[in-house]
Amino acid sequence: MADHHHTPADPNAAPMHTDVRESFDAGAVAFCYILAVVALLAGLVSGLVVIND
């Protein structure tokens, strides 16, 4: 019987459930939160500047 499960991986294929990371480094998560706060503050400040001009 032919075994078709050992074909080379397609680099353009969507990731399988086993390839998806469910946990991230605490530093990476903190970086994302800091980036979100910076983007929020930049949007707030730039929005207030545009409205008040």
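Residues numbered from 1 in each chain as written. Predicted model: local features only at pLDDT ≥ 70, side-chain atom pairs only at ≥ 80, totals over all residues. Heavy atoms only, no water.

Chemist: Got a minute to help me understand the overall build of the chain in this structure?
Modeler: For the chain, the count of helices and strands is 1 helix and 0 strands. Counting across all 53 residues of the chain, residues that qualify as buried make up 0%. When the accessible surface of the chain is split by element, carbon and sulfur atoms take 68% of a total near 5400 Å². (Helix = DSSP H or I, 4+ residues; strand = E, 2+ residues; numbered from the N terminus. Buried < 20%, exposed > 50% of the residue type's maximum accessible area, 1.4 Å probe, protein only. Areas by Shrake-Rupley, 256 points an atom, 1.4 Å probe, with all protein chains shown as cover.)

Chemist: Sorry if this is basic, but what is going on with a nonpolar patch on the surface here?
Modeler: Among the surface-exposed residues, Val37, Leu41, Leu44 and Leu48 lie close enough to one another that they form a single nonpolar patch of about 370 Å² accessible area. Its place among the elements puts Leu44 in helix H1 (residues 26-52). (Patch = residues over 30% accessible without salt bridge, like charges linked within 9 Å, V, L, I, M, F, W, Y side chains within 5 Å. Salt bridge = Lys/Arg side-chain N within 4 Å of Asp/Glu carboxyl O.)

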